[in-house]
Amino acid sequence: MNKNNEAYITGIGQSEIGKNLLRHPLLLTVDAVKEALDEAGLSIAQIDGVSTYPGRVPQMLGFSPIGADELIDALGIKATWYAGGGEISSQLGAVVAAVGAIRTGQARHVICYRTVYEAAALARPEEYPMQRRDRVEGSAQWTAPFNALSPATWFAQYAMRHVKKYRLTREQLAQIALTDRANALLNPRALVREPLTMDEYLSSRMVAEPLCLLDCDRYTDASTVLIVSAGEALDEVKCTPIRIAAMAGSVDRHSWDQAEWMASYATGRDLWKRTDYKPADVDTAQLYDGFSFLALTWLEALGFCDVGEGGRFIEGGKRIALDGELPLNTFGGQIAGGRLHGFGFAHEAVVQLRGLGGERQIKGNPKVAVATSGGGPLATALLLARD
Amino acid sequence: MRPLPRLDSINRDFWTGGEQGELRIMCCNDCGTFFHPPRPVCRHCLSDHVATKAVSGTGVVDTFTINHQKWHPKMEVPFVIARVELDDAPGVYLTTNIVGCEVSEVDIGDRVQVTFEKQDDIFLPLFVKTA
Ligand SMILES: [Zn+2]
């Protein structure tokens, strides 16, 4: 491996994570940018690229209030390459795009970011109005007329197949939320820092069977930044670089109901085709859990267990606990860490690989981590390594 | 009240076929493949020689959920959201509601038949269980 041909995550940053924050979303983004620059020892003048998902979404500003255009102009970045859009293989697709730019010499240090302001927007609709149309169009027309109005109802149907076909139980699925909440207790920045018991989980009200309220993440206000740097520029960086060893983002059909199976499965399979690492080499898994069931399918998709075995793999919770054989979502995932929308998983993978997890740091000098976003119908997986 | 689709030249047949009692799915005149959502090109052979065709409206519940959450205050819950695979159009799935039975009576593999619910100018293809 010639490191000059590789791309690395260098500085990482995170704003305050909260609900109904008053701080402007651009300033949350700047907070995260500054933390990432400080860690890397870089100045804004050294940043020559920006990449984000999904770009500014004017009709749903809470979902994505700050686009690449605005950030570049607001911070005076002289960009030789940038991208920001939603038609990409889910949130961490923004990192995949940045790696492509770096490997082709179009940029040396790229700020990748995701800013969410959904809780604040919901609380202050006069400032962040949702634009509603009289009629739905595009892909929404195939679900909304049947009152399938939330991704919860779409993922619940995949989860129901696991219940019926593979005998997934609520007690098994509960381990994702229980693990998240236990880990979040050790993360000072986590959104939800209260313990959770199995009894509380089982008595939580149903949203869409088999998913209950505690299987879902919650609207959050926060910004997360990952700086992706060229191997040849690492001498400018003071933090431990984390190599992006492999990437995948395979999609069969970008559709909530026409895809035979979730995109995580093809993505997980394809990730291992692009590396000599094996699932057994992974020291920690940071797997998208906007709904708990997604993390379970990622475990199967990435080959940590067979398809259909996810429920039994996490049963009892020991295997995925902080001191287990495959620590999962050590920052609390999205369910307890906050709905950072994909970027939180890569952020935490880097924290753990650098040994900077503090109270939640996993033991044993971790060197390889996997981080994912989405799961279906869009999915992205990153394999990260500390050399 | 359900959110309704905006009609255009491509989706109109699907959303209004119920007026004649027909479930109309896009089909390729060259290779015979059914596909959905409707588009002016066949996703199997790329032919633009395509048109909607009425199918029998029978199918099977591929998967489902029982929705308990009121996504808006006036929503009546619980109800079943299901993904139905159509007998005559292999590989085509419709998100829909299973109506006319208790929510607890729906299961994967159930045989179902289309029924249309009219709202304004739209005929929503819902499904009922068949014996
Ligand atoms: Zn054809």
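Residues numbered from 1 in each chain as written. Chains lettered and ligands numbered in written order. Predicted model: local features only at pLDDT ≥ 70, side-chain atom pairs only at ≥ 80, totals over all residues. Heavy atoms only, no water.

Asks: I would appreciate a short explanation of the overall build of chain A in the present structure.
Replies: Check the secondary structure of chain A and you find 12 helices and 11 strands. Over its C-alpha trace chain A gives a radius of gyration of 19 Å, about what one expects of a compact globule, namely 21 Å for 387 residues. The C-alpha extent of chain A, read off along each of the three principal axes, is 55 × 50 × 40 Å. Here chain A holds 387 residues, and 63% of them are scored as buried. Pairs at least 24 residues apart make up 78% of the contacts formed inside chain A by residues separated by at least 6 positions. Placing the 39 positive and 45 negative side-chain charges of chain A at their respective mean positions leaves the two points 1 Å apart. (Helix = DSSP H or I, 4+ residues; strand = E, 2+ residues; numbered from the N terminus. Rg over C-alpha atoms; globule rule 2.2 N^0.38 Å. Buried < 20%, exposed > 50% of the residue type's maximum accessible area, 1.4 Å probe, protein only. Contact = heavy atoms within 4.5 Å. Lys, Arg positive; Asp, Glu negative; His and termini not counted. Charge placed at Lys NZ, Arg CZ, Asp CG, Glu CD.)

Asks: Explanation requested: the coordination of the zinc ion in the structure shown.
Replies: In a perfect tetrahedron of four donors around a metal, the angles come out at 109.5 degrees. In a perfect octahedron of six, they are 90 or 180 degrees. All names here are of chain B. Taken together, C28 (SG), C31 (SG), C42 (SG) and C45 (SG) make up the protein donors of the zinc ion, found 2.3 Å from the metal. Classification of the site at the zinc ion rests on its four donor atoms, whose angles at the metal span 105 to 116°, yielding the label tetrahedral. Spacing between the donor residues of the zinc ion along the chain follows C-x2-C-x10-C-x2-C. With C28 in strand β1 (residues 23-28) and C42 in the loop between β2 (34-35) and β3 (50-55), this pair connects stretches of sequence that are 14 residues apart. (Donors = N, O, S within 2.8 Å, 3.2 Å for Na, K, Ca; no water. Tetrahedral: all angles 85-135°; square planar, octahedral: opposite > 155°, others 65-115°.)

Asks: Sorry, what's going on with the sheet that holds β1 of chain B here?
Replies: Paired through backbone hydrogen bonds, the strands of a sheet run either parallel or antiparallel to each other. Residue and element names in this part refer to chain B. The strand order across the open sheet formed by three strands is β2-β1-β3, and the pairing between neighbours is antiparallel. Looking along the sheet, the strands with just one partner apiece sit at the ends: β2 and β3. Relative to β2, β1 runs antiparallel, the two sharing two bridges. For C27, the partnering residue across the bridge sits in β2 and is F34. (Pairing = 2+ DSSP bridges.)

Asks: I keep staring at the packing of helix α1 (residues 25-40) of chain A against helix α2 (residues 68-75) of chain A and nothing clicks. Help me out?
Replies: The angle between the axes and the distance between the axes are what describe a pair of packed helices. All names here are of chain A. Direction vectors running N to C along α1 and α2 enclose 65°, while the axes themselves pass 11 Å from each other. Judged by the inter-axis angle, α1 sits roughly perpendicular to α2. The crossing of α1 and α2 is right-handed. Across the interface between the two elements, L26, T29, V30 and V33 from α1 touch E70, L71, A74 and L75 from α2. Across the contact of α1 with α2, the residue classes tally to six nonpolar, one polar and one charged. (Axes fitted to C-alpha atoms, helices over the stretch in contact; angles between N-to-C directions. Parallel < 35°, antiparallel > 145°, perpendicular 65-115°, else oblique. Left-handed = near helix turned anticlockwise from the far one by under 90°. Nonpolar A, V, L, I, M, F, W, Y, C, P; charged D, E, K, R; others polar.)

Asks: I tried to follow the interface of chain B and chain A on my own but got confused; where do I start?
Replies: The parts lose accessible area when they come together, and the size of an interface is often stated as this lost area. Contacts between the two partners involve 43 residues from chain B, matched on the other side by 31 residues from chain A. Between chain B and chain A, a total of about 3300 Å² is buried, with carbon and sulfur atoms accounting for 52% of that surface. Summed over the shared surface of chain B and chain A, the number is five salt bridges. The salt bridge involving E137 of chain A is made with R6 of chain B; its shortest N-O contact spans 3.0 Å. On the surface where chain B and chain A come into contact, there are 25 residue pairs in polar contact (both at pLDDT 80 or more). Where the side of chain B that touches chain A is concerned, the elements lending two or more residues are α1 (12-16), β4 (58-67), β5 (79-86), β6 (93-99) and β8 (122-129) of chain B. Ranked by the residues each element gives to the side of chain B that touches chain A, the list is headed by β4 of chain B, at six residues. (Buried area = accessible area lost by both parts, 1.4 Å probe. Salt bridge = Lys/Arg side-chain N within 4 Å of Asp/Glu carboxyl O. Polar contact = N/O pair within 3.5 Å; in protein donor to acceptor, adjacent residues only side chain to side chain.)

Asks: Would you mind going over the environment of K70 of chain B with me for this structure?
Replies: Residues and elements named next belong to chain B. Along the chain, the position of K70 falls in the loop between β4 and β5. Residue classification places K70 among the partly exposed residues on the basis of a relative accessible area of 47%. In contact with K70, not counting residues within four places along its chain, are M75 and V77. Among the polar contacts listed, one links the side chain of K70 to the backbone oxygen of M75, at a separation of 3.1 Å.

Asks: What is the right way to look at helix α6 (residues 170-184) of chain A in this model?
Replies: All names here are of chain A. For α6, which comprises 15 residues, the first-to-last C-alpha distance of 21 Å matches the rise-based estimate of 21 Å (1.5 Å per residue) to within 8%. The element α6 is largely enclosed, with a buried count of 12 among its 15 residues. Those residues of α6 that fall on the buried side of the exposure criterion are Q172, L173, A174, Q175, I176, A177, L178, T179, D180, R181, N183 and A184. (Expected span 1.5 Å × (residues − 1).)

Asks: I keep staring at the packing of aromatic side chains and nothing clicks. Help me out?
Replies: For any pair of aromatic rings, the description consists of the separation of the ring centres together with the inter-plane angle of the planes. For the structure shown, the criterion picks out 12 aromatic pairs over all chains. On the numbers, 5.6 Å between centres and 50° between planes, the contact of Y288 of chain A with F345 of chain A is tilted. Placement of the pair is Y288 of chain A in the loop between β9 (284-286) and α9 (292-301) and F345 of chain A in helix α12 (residues 343-353), with a sequence separation of 57 residues. A single burial state applies to Y288 of chain A and to F345 of chain A, both of which are buried. Between F14 of chain B and W15 of chain B, the aromatic rings sit 4.9 Å apart at their centres with planes inclined by 90°, giving edge-to-face as the arrangement. With relative accessibility at 0%, the residue W15 of chain B sits in the buried group. R114 of chain A extends its terminal NZ or CZ atom over the ring of F63 of chain A, reaching a point 4.8 Å from the ring centre. (Phe/Tyr/Trp six-rings, centres within 6.5 Å; stacked < 30°, edge-to-face > 60°. Lys NZ or Arg CZ within 6 Å of the ring centre and 35° of its normal.)

Asks: Which parts of the structure should I look at to understand the domain arrangement of chain A?
Replies: Residue and element names in this part refer to chain A. Parsing chain A into structural domains produces domain 1 (3-128 + 219-241) and domain 2 (149-216 + 243-385). Taking only C-alpha atoms, the centre of domain 1 and the centre of domain 2 are 23 Å apart. Each partner contributes to the roughly 3000 Å² buried at the junction of domain 1 and domain 2, and carbon and sulfur atoms together form 63% of this total. For the domain 1 face of the interface with domain 2, the top three residues by lost area are I17, Q91 and L92, together amounting to 21%. (Domains from an automatic or database assignment.)

Asks: So what exactly am I meant to see when it comes to the sheet that holds strand β4 (residues 109-117) of chain A here?
Replies: Residue and element names in this part refer to chain A. Taken in spatial order, the nine strands make up an open sheet running β3-β2-β4-β7-β1-β8-β11-β10-β9, and their pairing is mixed. Each edge of the sheet is formed by a strand with only one pairing partner; in this case those strands are β3 (81-84) and β9. Ignoring which end each strand starts from, the neighbouring axes of this sheet average 30° apart. Where strand β2 (residues 49-52) meets β3, four bridges bridge the pair, whose relative direction is parallel. The residue bridging V50 from the neighbouring strand is Y82, located in β3.

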